[in-house]
Amino acid sequence: MTRNEYRIISNRKLSHKTWVMTLSGETGCIEGPGQFVNVAIPGKYLRRPISICDYNHERGEVVLLYDVVGEGTDIMSKMCHGDKVDMLNGLGRGFSTDIECRRPLLLGGGIGCAPLMNLARCLIRQGKSPVAILGYNTAADGFGMEKWFEEIGMEAYIATVDGSAGTKGFVTDVIREKNIDGDYFYGCGPLPMLRALCLGLEIPGEVSMEARMGCGFGACMCCSLETTVGSKRICKEGPVFRKEELIWK
């Protein structure tokens, strides 16, 4: 983890609530896909944790996807090119990319799709053939991420609860409808979705958990989670956990 000042390269609106922000600055602390940053918001006491969508060590760039859901992210959406951002970077334990698998499924729900982008790049570099399945409530909630996956040579599918785009239903319905034979899964999205993946899919996998956070680096203990191997902090021992570690009630 490092605390540094970053400069905004761009901050673009992708949909009615989703934005993509690209920043330049120190990236050496990012060890792999699935980690997150904690962004200082002017006028707000607590930082805002945001998943790292993508990064490039050579260019020194970090890409963040975020939904405008409150005052903090609304302030972020008004930030402009050249603005400086105080950020804790390289937080948390990300996805395992050394898993023996051939066709991993990258399953995202809403803004939870964000960390799957860099994960996809890592898996492709390893010679694997990942498949992305992205779920939204309606077509209006989508922000075009399936095209990003297709641009790097991946299969990408969409599910919407109301059937306004792609398969009607959930990401699990796409797996059944398209008869997709994945041998491992990576999930990130709302809690009900993660529960359904862990309890419903018969293949091994891991998911990225979301939680309200104070410090973002394990000191305040406010994001503790009870697992099969004891209490874990989502910001420190997570946010990614293997499905067999999680207790669903």
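You'll find the structure just up there.
Residues numbered from 1 in each chain as written. Predicted model: local features only at pLDDT ≥ 70, side-chain atom pairs only at ≥ 80, totals over all residues. Heavy atoms only, no water.

**Digging into the sheet that holds strand β10 (residues 167-168)**
Heads up, the rule is: The pairing criterion is simple: DSSP has to find at least two bridges between the two strands. Here a strand is any run of E in DSSP of at least two residues, a helix any run of H or I of at least four, and the numbering for each starts at the N terminus. Whether two residues are in contact is decided by their heavy atoms: any pair within 4.5 Å suffices. Only the stretch in contact is used when fitting a helix axis, every axis being a line fitted to C-alpha atoms; angles between N-to-C directions are given from 0 to 180 degrees.
Across the sheet, 7 strands lie side by side as β10-β9-β8-β7-β11-β12-β15; this open sheet has mixed pairing. Looking along the sheet, the strands with just one partner apiece sit at the ends: β10 and β15 (240-242). Here strand β12 (residues 205-208) pairs with β15 via 3 bridges, running antiparallel. By the bridge assignment, V207 is partnered in β15 with F241. Lying on the sheet, helix α2 (residues 116-125) is in contact with β7 (104-109) and β11 (184-188); it crosses β7 at an angle near 170°. Along the sheet, helix α5 (residues 191-200) makes contact with β7, β11 and β12, crossing β11 at roughly 165°.

**What to know about the nonpolar core**
Here is the rule: What is meant by a nonpolar core is a set of buried Ala, Val, Leu, Ile, Met, Phe, Trp, Tyr and Cys residues, joined one to another through side-chain atoms within 4.5 Å. Accessible area is worked out with a 1.4 Å probe on protein chains only. A residue is then buried under 20% of its type maximum, exposed over 50%, and partly exposed in between.
Among the nonpolar cores identified, the biggest contains 28 residues, and L105, L107, I133, F185, L197 and M209 are the most heavily contacted of them. Broken down by secondary-structure element, the contributors of at least two residues to this core are β6 (84-91), β7, β8 (131-136), α4 (171-178) and α5. Per-element accounting of this core gives the leading share, 4 residues, to α5. In contact with F185, not counting residues within four places along its chain, are L105, L107, L197, C198, L201, I203, P204, G205, E206, V207 and K243.

**Things to note about the packing of aromatic side chains**
Which entries qualify depends on this criterion: Side-chain rings of Phe, Tyr and Trp, where Trp is taken by its six-membered ring, are said to pair if the distance between their centres is within 6.5 Å; with planes under 30 degrees apart they count as stacked, over 60 as edge-to-face, and otherwise as tilted.
Following the criterion strictly, the structure yields 3 aromatic pairs and no others. Here the aromatic rings of Y136 and F143 are separated by 5.7 Å at their centres, their planes lie at 80°, and the arrangement is edge-to-face. The buried category is assigned to F143, whose relative accessible area is 6%. Taking 5.1 Å as the distance between ring centres and 65° as the angle between the ring planes, the aromatic pair formed by Y184 and Y186 counts as edge-to-face.

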